Amino acid sequence: MNESKPLGLYIHIPFCRQKCGYCDFYSLSGSEERMDAYCKALLAHLTETAPQAAKHSVDTVYFGGGTPSLLGEKRLREILKCIDKRYHVTKDAEITLEANPDSAGDWRALRALRKAGFNRISLGMQSADDAELREIGRVHSMDQVRQAVDAARKARFDNLSLDLIYGLPGETDERWEHDLRQAVALGVEHISAYHLTYEEGTPLYRMLQAHRVDEVDEDSSVRFFTTLMDTLSAAGYEHYEISNFCKPGLHSRHNTSYWQGIPYLGCGPSAHSFDTRSREWNIASLEKYISAIGEKNRCYEKEELSPTTRYNECVMTSLRTRQGIDLPTLEARFGQSLSDYCNTMAAPYLRSGKLELQNDYLRLTREGIFVSDGIISDLMFVEE
């Protein structure tokens, strides 16, 4: 085993009690029989894939979805046991379970998962307003969020994260401020907050097209984001990535590995894998995934990444983080030409105060965060 080669492991659990109005992730309802069949295939996939990770140490494992907690304690423990047996999982690995609040209120079940090795829970709070939660298709209440946090604490989880969405239909400054106050009051270690995007094919997108809801205007979005930064900063959270905030030292190690270009393996339908030079993704069909794994002929697509594509992805992910772009590493990885291009394109933003250079790291200033999409776009290289 080579400890110098970290690897992330992503496990996609595609089952949901109900599809949310804004969600375009691959998910579906799950009977007990369907979940059993899926777990059997997933365990086979993990076993089949393990040799690819032989020279790596797995230091983050992330169960995402869907709603992974719907699988239940027994199946989750079985999957984690397989990972521990087949992979070189580090002793201090971050092992995260996504959960909806309505499926995470049993502290005894959470305690069993804590003993099995899970040490971080990410709860989909989204909003503190019950009426708003119903409007976007969520099946939990704010009381269930509080109950889930209490249950997790009782089960001895000391690393909890909440997901929030802002810019929802009819969002007001007062409602967003209320959401943030409620989230802060729960005392969690990490908060992710994302602006609503209307993804084609989702119920909310169809409502937008039918003029049944309206997108929030740009001025409101800027105010909401300013409120987000100010409120969480005042509450002691570090703004370490555009959409992510944490108490000191408690950032999401798994997501940070994505932004740092660390390889990862994805298991499950629609899950992606990345080896620094190529990306592959499994078929987004539970039935076809189960069938293909059973035939030992996993169904997936693969894309080889050109140096330019890898440079652009590095710029995009790095500049979203508080750390920023490591310029010497950028030059070492992609050569003098692309390094010079980055510096040339960054120069106007350095002069205007939207970028800053500190200890060879190029990063956004607070002013620059508000126009980050444009800055990132300008620093990315477009081939003729």
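Residues numbered from 1 in each chain as written. Predicted model: local features only at pLDDT ≥ 70, side-chain atom pairs only at ≥ 80, totals over all residues. Heavy atoms only, no water.

Draft legend 1. Layout of the overall build of the protein chain. Scanning the protein chain from N- to C-terminus turns up 14 helices and 15 strands. Rg of the C-alpha trace for the protein chain: 21 Å, near the compact-globule value of 21 Å for 384 residues, within the 12% margin. Oriented by its inertia axes, the alpha-carbon framework of the protein chain measures out at about 60 × 50 × 45 Å. Residues counted as buried form 51% of the 384 residues belonging to the protein chain. Considering only contacts within the protein chain whose residues lie at least 6 apart along the sequence, 70% involve residues at least 24 apart. Accessible area for the protein chain stands at about 18,100 Å²; split by element, carbon and sulfur atoms hold 48% of it. (Helix = DSSP H or I, 4+ residues; strand = E, 2+ residues; numbered from the N terminus. Rg over C-alpha atoms; globule rule 2.2 N^0.38 Å. Buried < 20%, exposed > 50% of the residue type's maximum accessible area, 1.4 Å probe, protein only. Contact = heavy atoms within 4.5 Å. Areas by Shrake-Rupley, 256 points an atom, 1.4 Å probe, with all protein chains shown as cover.)

Draft legend 2. View of the pairing of strand 15 (residues 361–364). The sheet contact formed by strand 13 (residues 325–326) and strand 15 spans two bridges and is antiparallel. Across the sheet, the residue bridging to Asp 326 is Tyr 361, located in strand 15. With antiparallel pairing between neighbouring strands as the criterion, strand 14 (residues 355–358) and strand 15 make up a hairpin whose turn holds two residues, including Asn 359 at a positive phi of roughly 50°. (Pairing = 2+ DSSP bridges.)

Draft legend 3. Up close: a nonpolar patch on the surface. A grouping of Val 222, Phe 370 and Val 371 is seen on the molecular surface, where their side chains present a nonpolar patch of about 200 Å² in accessible area. Structurally, Val 371 can be placed in the loop between helix 13 (366–369) and helix 14 (372–379). (Patch = residues over 30% accessible without salt bridge, like charges linked within 9 Å, V, L, I, M, F, W, Y side chains within 5 Å. Salt bridge = Lys/Arg side-chain N within 4 Å of Asp/Glu carboxyl O.)

Draft legend 4. Looking closely at the sheet that holds strand 13. Across the sheet, three strands lie side by side as 13-15-14; this open sheet has antiparallel pairing. Both edges of this open sheet fall to strand 13 and strand 14, since each of them pairs with a single strand only.

Draft legend 5. The pattern of salt bridges, seen in detail. With the rule as written, the count across this model stands at 17 salt bridges. A salt bridge links Arg 146 to Asp 143, with the nearest nitrogen and oxygen atoms 2.8 Å apart. Highlighted residues: Arg 146 and Asp 143, both in helix 5 (residues 142–154), separated by three residues, approximately one helical turn. When its relative accessible area of 47% is taken as the criterion, Asp 143 is described as partly exposed. Among the salt bridges present, the one from Arg 363 reaches Glu 356, with a minimum N-O distance of 2.7 Å. Accessibility expressed as a relative area gives 15% for Arg 363, which makes it buried. In this structure Glu 356 comes out as partly exposed when scored by relative accessible area, which is 26%. When salt bridges that share partners are traced, they join Glu 32, Asp 36 and Arg 75 into one network.

Draft legend 6. View of the nonpolar core. With 89 residues, the main nonpolar core has Ile 11, Leu 46, Phe 63, Ile 83 and Leu 379 as its most contacted residues. Residues within four places of Ile 11 in sequence aside, it is in contact with Leu 42, Leu 46, Val 61, Tyr 62, Phe 63, Gly 64, Ile 83 and Cys 267. (Core = buried A, V, L, I, M, F, W, Y, C linked by side-chain atoms within 4.5 Å.)

Draft legend 7. Inspection of unusual backbone geometry at higher detail. In this model, Gly 65 is joined to Gly 66 through a cis peptide bond whose omega is 20°. Inspection of the secondary structure puts Gly 66 in the loop between strand 2 (57–65) and helix 2 (73–86). Despite not being glycine, Ser 270 shows a phi value in the positive range, around 75°. Its location among the elements puts Ser 270 in the loop between strand 9 (264–267) and strand 10 (272–274). The backbone of Lys 296 sits at a positive phi, close to 55°, despite the residue not being glycine. Tracing the chain through its elements places Lys 296 in the loop between helix 10 (286–294) and strand 12 (300–304). Accessibility expressed as a relative area gives 73% for Lys 296, which makes it exposed.

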